[in-house]
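Notes for the structure review
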Amino acid sequence: MDFGELITAMVTPFDENNKLDLDRAGILMEHLLEHGSEAVLLAGTTGESPTLADEEKLQLFKFGVEKFGGRTKIIAGTGSNSTKHSIELSKAAQDTGVDCLLLVTPYYNKPGQFGLYSHFEAIAEAVSIPIIIYNVPSRTSCNISAATCIELSKIENIAGVKEAGSDFRQIAEIIRGTADDFIVYSGNDGDTLPMLSLGANGVISVASHLVGDHIKKMITDFKQGDTSGAARLHNWLLDIFYGIFIVTNPVPIKTALNLAGINVGRTRLPLTAMPEAELRDFKKILEKYNLIKI
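Residues numbered from 1 in each chain as written. Predicted model: local features only at pLDDT ≥ 70, side-chain atom pairs only at ≥ 80, totals over all residues. Heavy atoms only, no water.

1. What about the pairing of strand β6 (residues 158-163)?
Rules: Exposure classes here rest on a 1.4 Å probe applied to the protein chains alone. A residue is buried below 20% of its type maximum, exposed above 50%, and partly exposed in between. In DSSP terms, a helix is any run of H or I states spanning at least four residues, a strand is any run of E spanning at least two, and both are numbered starting from the N terminus. Two strands form a pair only when DSSP identifies at least two bridges running between them. A crossover gets the label right-handed when its path from the first strand over the helix to the second runs clockwise, viewed with the strands pointing away from the viewer.
Here β6 lies mainly inside the structure; six of its six residues are buried. Bridging between strand β5 (residues 131-135) and β6 involves five bridges; their strand directions are parallel. Bridging from a neighbouring strand, Y134 pairs with K162 of β6. In the sheet, β6 pairs with strand β7 (residues 183-186) via four bridges, with the strands oriented parallel. Note that in β7 the partner of E163 across the bridge is S186. In this fold, β6 hands off to helix α7 (residues 168-177), which returns the chain to β7; that crossover is right-handed.

Here is the structure:
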């Protein structure tokens, strides 16, 4: 299944009482689709999955499918560090009609490579829709090796990997060792162009909330052979790519959207508002890209 080259890992909008706000979610999804996103990931890390109840996640998945399923692919974040829980949530998400599941590596309990393989295998056997596995060692203290990823790619409905480890040797080995239809996405905006040069398909992006059209053009330019143009765009976008991680994601991206007039509410505890010093620096970055006026 083709999920496109630019997928946005969407923030989860909350209202003034910090409750899930589906109206704001609809406005944000409309904005993303108008600015280059070809699929939307709901309830990923950027969507504050650790603080969302399963009921909230399923409400969000159902809303995405019912309101936007005819226009885009809906990917549901259903992974956790419990295989049993991941299976239950994945099956419930599948029942809402989502197109794909994103499964993060189990965090905190730090399984070995065989444990990782067995975890993803068990979930894949419990559902029939495609799965993208998500490798993000900086968040989970757990790395899916290239060899394990290659073995997982042989499971019929494991369709791809979101690689956020920035280990380009590992990424190259995955691309070299998997079938041509296995999808490899960058999990870091700043890694997208280097990963495209290795044969990756695209990016599951955070910055696309703000500069989606530019990211889409960078990918298109590269794939059409204008590598110099793609490099210029990549270099120009670096400040926003890294600026949105000036403090823990998704605090900056939610702050930026609110400042830009797309109200998504605040983050839930334990994530708090940006400190004043970082906020001042961040506003300067946003102004550079004409996202706000200061």
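2. Observations regarding the packing of helix α10 (residues 227-243) against helix α12 (residues 276-288)
Formally: Simply put, an axis is a line fit to the C-alpha atoms, just over the touching stretch for a helix, and the angle between two N-to-C directions goes from 0 to 180 degrees. Two helices cross in a left-handed way if the nearer one is turned anticlockwise from the farther one by less than a right angle. They cross in a right-handed way if the turn is clockwise. For this analysis, residues touch if any pair of their heavy atoms sits within 4.5 Å. Any residue outside Ala, Val, Leu, Ile, Met, Phe, Trp, Tyr, Cys, Pro, Asp, Glu, Lys and Arg is labelled polar, Gly included; the first ten of those are nonpolar and the last four are charged.
Packing of α10 against α12 brings their axes to within 10 Å, and their N-to-C directions diverge by 145°. Once α10 is placed against α12, the crossing between them reads as left-handed. In this structure, α10 contributes W236, D239, I240 and G243 to the contact, and α12 contributes F282, I285, L286 and K288. Per-class residue counts for the contact of α10 with α12 are five nonpolar, one polar and two charged.

3. Concerning the pattern of salt bridges
Put simply, the test is: We define a salt bridge as a contact between a side-chain nitrogen of Lys or Arg and a carboxyl oxygen of Asp or Glu at a distance within 4 Å.
For the structure shown, the criterion picks out 13 salt bridges. As a salt-bridge pair, E16 and R24 come within 2.6 Å of each other at their nearest N and O atoms. Residue class for R24 comes out buried when judged on its relative accessible area of 13%. The salt bridge involving D221 is made with K217; its shortest N-O contact spans 2.8 Å. Pair noted here: D221 and K217 are both in helix α9 (residues 208-223), with a separation of four residues, about one helical turn. Residue classification places D221 among the buried residues on the basis of a relative accessible area of 10%. Judged by relative accessible area, which is 46%, K217 ranks as partly exposed. Here the residues in one salt-bridge network are E5, E38, K216 and K223, joined through shared partners.

4. Things to note about unusual backbone geometry
Cis geometry marks the peptide bond from N249 to P250, where omega comes out at 10°. The residue P250 is located in the loop between α10 and α11 (251-259) in this model. P270 follows L269 through a cis peptide bond whose omega is 20°. Structurally, P270 is set in the loop between α11 and α12. Positive phi is not limited to glycine here, since S141 has a value of about 55°. Relative to the helices and strands, S141 resides in the loop between α5 (137-140) and α6 (146-152). S141 sits in the exposed class, given a relative accessible area of 52%. Unusually for a residue other than glycine, S166 sits at a positive phi of about 55°.

Functional significance is not addressed by these values, which are geometric in nature.
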